[in-house]
Amino acid sequence: MKSFVRIGLLVAVMTGLLVIGLVAGRVLDQQAQAKEYQIGTVIAGVEVGGMTLAEAQSEIDMIAEQRRNQQVVSIYLYDSLVELPEEALNLSVPTVSSNAVEESEQIEATIDITALTEAVNQIESADLSGLVDISTLKNDIEFQLNEEPTKAPTVHLASYIEGINEERTVLANVYAPYMESTILGTWSTGLDGVVIEPRSHFSLKTALEQTNQMVVGGESLDLFSSVIYQALAKSNLELIEHHTPEKLPQSIKVGYGASVNEDHRDLVFYNPNYESMELNVQFSTEGLIVELVGTPYIQEYELVVENTETIQPRTEVTYSKKRRAGNSQVIVNGKNGYAASLFKRELNANKQEVNKVLIARNYIAATSTIEERSVYAKPEPEPELEINDADLQPVIVELPESVKEESQADRASEPQIQEQEEQSTSAEQNNQNGEAQQDFIKGVHEPADKEQDDEN
């Protein structure tokens, strides 16, 4: 009987101890969960002082999500930019624990190399197949992400492409021989070093005005504009406004001319790139040199003129009263006009054409020939009559009898009339000779030698 009592007491004691242990464990676990981190505790770069484990974990998760949204990676080359999708960014978020007081683990960012490769292939400004060092690009992006967790990195692909780098170089160079002009040097000095900002417009007239240069239209400004035009056209800049000069400036070939004046003519380009460009302009007795400076191109640009047409001058006639009837003269010699199309060709590394676009159509009107004529018309000669042999045949006309008798009587009297006229003439000559001889005898008239000869 006593043994049963002892066993019952032992069971009761063990049960009580078990219940007490369970209750104590529950209380201790609740106390552990309710434990707050000490002030100044930092986990994964997040301040969690005064927070419980659950609160700290929630705070770290929220910071990681914000970083994922903020750190959007952008890669660009020239005028093409691509953003990596969110799933390309991987963040290693730590899990906090009760002994996290001394934890120093950070939220590390990594890039999925497959997603990065796909993004590079979406760059449209050039064919980058096999040219980009993807591994180095991945490491550099990850370094920037972890070095500045709150900044979204933008990476220029040029430094990761074989054969080019980020160093700026001369993209285009245009030369024009020296032309006597006092203002060309002033314009060159004002425009030298002008920066064409990314994703913005460049206006030649505005650039000159901003550097306090006087804009005066004429051959000098047309020459200056034409050289600037060629330099900017040999790039991926987009032409917005262009005007053809009325006549080609010195040394400028057909198709390459541009005109700017103080009124409504301007030369405007748009820079579609995500980086700036710079103009270098020099003028001396050796000539005018314009350079466009920027990041080297993988491709090459060249200008070609096609569809050239020669326009013959027309003749304009003016009239003057000072000229003789029928007289005319050319007082102004005409000059030919031209029409031509300027194209830009894009060549790859193998000098093969991959693209060709029309830049502008140039038209220069012909100069008319001026001819001055008399207001008086020249009389036209009378037309010559054509006489046939048939017109020269004699025509026999039968006369009436009365006319025939009169004609015969006239012919019969003609010898008598001629004899009478001869006798009368001879008598007059004898009288004149007698008078002359009497005058000579009397000494009234002494004939000269010539007269004497005539008299003899």
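Residues numbered from 1 in each chain as written. Predicted model: local features only at pLDDT ≥ 70, side-chain atom pairs only at ≥ 80, totals over all residues. Heavy atoms only, no water.

1. A word on the packing of helix H5 (residues 183-191) against helix H7 (residues 219-233)
Helix-helix packing is described using two parameters, namely the angle between the two axes and the distance between the axes. This is how it is decided: Angular values range over 0 to 180 degrees, each being the angle between N-to-C directions of two axes fitted as lines to C-alpha atoms, with helices fitted over their stretch in contact. Helix numbers and strand numbers start at the N terminus; a helix is a DSSP run of H or I with at least 4 residues, a strand a run of E with at least 2. Throughout, a crossing is termed right-handed when the near helix is turned clockwise from the far one, and left-handed when it is turned anticlockwise from it by less than a right angle. We call two residues contacting when some pair of their heavy atoms lies within 4.5 Å. When residue character is reported, Ala, Val, Leu, Ile, Met, Phe, Trp, Tyr, Cys and Pro are called nonpolar, Asp, Glu, Lys and Arg charged, and the others, Gly included, polar.
For the pair H5 and H7, interaxial distance at closest approach is 10 Å and the crossing angle is 35 degrees. The chirality of how H5 crosses H7 is right-handed. Here Ile183, Leu184, Trp187, Ser188 and Leu191 of H5 come into contact with H7, specifically with Ser220, Leu221, Leu223, Phe224 and Ile228. Looking at the contact of H5 with H7 residue by residue, the classes come out as eight nonpolar, two polar and no charged.

2. Overview of the sheet that holds strand E10 (residues 200-203)
How we decide: Each pair of strands is called paired provided DSSP finds at least two bridges between the two strands.
Strand order in the open sheet formed by three strands is E10-E12-E11, and the pairing between neighbours is antiparallel. Where the open sheet ends on each side, the last strands, each with one partner, are E10 and strand E11 (238-241). Pairwise comparison of adjacent strand axes, ignoring direction, gives a mean angle of 30 degrees for this sheet. Direction of pairing for E11 relative to strand E12 (residues 268-271): antiparallel, over a ladder of three bridges. The partner of Leu239 across the bridge, within E12, is Phe269.

3. Some details on the sheet that holds strand E18 (residues 337-347)
One key point about sheets: their strands pair by backbone hydrogen bonds, in either a parallel or an antiparallel sense. Spatial strand order, E15-E18-E19: three strands in an open sheet with antiparallel pairing. A single partner strand is all that each edge strand has here, and the edge strands are strand E15 (300-311) and strand E19 (353-364). In this sheet, neighbouring strand axes are inclined to one another by 20 degrees on average, regardless of whether the strands run parallel or antiparallel. Sheet strands touched by H7: E15, E18 and E19. Its angle to E19, the strand with the most contacts, is close to 165 degrees.

4. A short note on the pairing of strand E4 (residues 80-83)
To keep things clear, this is the line we draw: Using a 1.4 Å probe on the protein chains alone, a residue whose accessible area is under 20% of its type maximum counts as buried, one over 50% counts as exposed, and one in between counts as partly exposed.
Only one face of E4 is covered, namely the one carrying Ser80 and Val82; the face carrying Leu81 and Glu83 has none of its residues buried. Sheet analysis places strand E3 (residues 74-77) next to E4, joined by four bridges and oriented antiparallel. In the sheet register, Leu77 faces E4, and the bridge partner there is Ser80. Remark: two residues form the turn of the hairpin made by E3 and E4, two consecutive strands paired antiparallel; Tyr78 in that turn has positive phi of roughly 60 degrees.

5. Structural notes on helix H2 (residues 53-70)
Put simply, the rule reads: The span expected for a helix works out to 1.5 Å for each residue beyond the first. Arc definition: it is the arc formed by the directions from the helix axis to the C-beta atoms.
A rise of 1.5 Å per residue sets the reference length of H2, with its 18 residues, at 26 Å; its end C-alpha atoms lie 26 Å apart and thus fit the reference within 8%. Burial in H2 covers these residues: Ala56, Gln57, Ile60, Ala64 and Arg67. Seen end-on, H2 carries its buried residues on one side only, within an arc spanning 100 degrees.

6. Observations concerning the pattern of salt bridges
Quick note on the threshold: Salt bridges are defined by distance alone: a side-chain nitrogen of Lys or Arg within 4 Å of a carboxyl oxygen of Asp or Glu.
On inspection of all chains with the given rule, the structure shows 10 salt bridges. Its salt-bridge partner being Glu302, residue Arg345 comes within 2.3 Å of it at the nearest N-O pair. With Arg345 in strand E18 and Glu302 in strand E15, this pair connects stretches of sequence that are 43 residues apart. For Arg345, a relative accessible area of 21% puts it in the partly exposed group. Across the pair Glu371 and Arg373 runs a salt bridge, and its minimum N-O distance is 3.2 Å. Relative accessible area serves as the criterion here: at 16%, Glu371 is assigned to the buried category. The class of Arg373 is partly exposed, set by a relative accessible area of 33%. Connected via shared salt-bridge partners are Glu302, Arg345 and Glu353.

7. With respect to the side chain of Asn273
Here is the rule: Two N or O atoms form a polar contact when they lie within 3.5 Å of each other; inside protein one atom must be a possible hydrogen donor and the other a possible acceptor, and for residues adjacent in sequence the pair counts only when both atoms belong to side chains.
Here Asn273 shows up in the loop between E12 and strand E13 (277-284). Relative accessible area serves as the criterion here: at 0%, Asn273 is assigned to the buried category. Polar side-chain contacts of Asn273 include one of 2.8 Å to the side chain of Asn271. Apart from the residues lying within four places of it in its own chain, the contact partners of Asn273 are Tyr78, Asp79, Pro198, Arg199, Asn236 and Leu237.

8. Description of unusual backbone geometry
Located in the positive-phi region is Ser251, a residue other than glycine, with phi close to 70 degrees. Within the secondary structure, Ser251 is located in the loop between E11 and E12. Of note in this structure, Asn307 is not a glycine but carries a positive phi near 55 degrees. Tracing the backbone shows Asn307 in strand E15. Given a relative accessible area of 47%, Asn307 falls into the partly exposed group.

9. Some remarks on the packing of helix H3 (residues 113-121) against helix H4 (residues 134-147)
Going by this rule: Geometric relationships in this document are graded by angle, where less than 35 degrees denotes roughly parallel, more than 145 denotes roughly antiparallel, 65 to 115 denotes roughly perpendicular, and other angles denote oblique.
Two numbers describe how H3 lies on H4: the axes approach to 11 Å, and their chain directions differ by 110 degrees. On the basis of their axis angle, the class for H3 and H4 is roughly perpendicular. The handedness of the crossing between H3 and H4 is right-handed. Counted together, Ile113, Leu116, Thr117 and Val120 of H3 and Ile134, Leu137, Lys138 and Ile141 of H4 form the full contact between these two elements.

10. Brief notes about the environment of Pro153
Of note, Pro153 is situated in the loop between H4 and strand E7 (154-156). Taking the C-alpha atoms as reference points, Pro153 and Ile141, separated by 12 residues in sequence, lie 7.3 Å from one another. Setting aside chain neighbours within four positions, we find Pro153 in contact with Val72, Val73, Ser74, Gln144 and Leu145.

11. Regarding the nonpolar core
Formally: Within this scheme, the nonpolar core is defined by two criteria: the residues are buried Ala, Val, Leu, Ile, Met, Phe, Trp, Tyr or Cys, and they are joined through side-chain atoms within 4.5 Å.
If you look at the biggest cluster of nonpolar residues, it comprises 79 residues, and the most contacted ones within it are Leu157, Leu191 and Phe224. With nine residues, H7 is the largest single contributor of residues to this core. In contact with Leu157, not counting residues within four places along its chain, are Ile75, Tyr76, Leu77, Val120, Ile123, Leu128, Val132 and Leu137.

12. A look at the confidence of the model for the chain
Filter applied, for reference: Residue-level confidence of the predictor is summarised by pLDDT, bounded by 0 at the bottom and 100 at the top.
Per-residue pLDDT for the chain has a mean of 81; in total, 71% of the residues score no lower than 70. For the chain, the element scoring lowest by mean pLDDT is helix H9 (residues 449-455), at 51; E12 scores highest, at 98. This model gives residues 27-34 a pLDDT under 50, and the stretch forms two contacts once residues within four places in sequence are excluded. Long-range and interchain partners of residues 436-447, a stretch whose pLDDT sits below 50, account for seven contacts in this model, where long-range means more than four residues apart.

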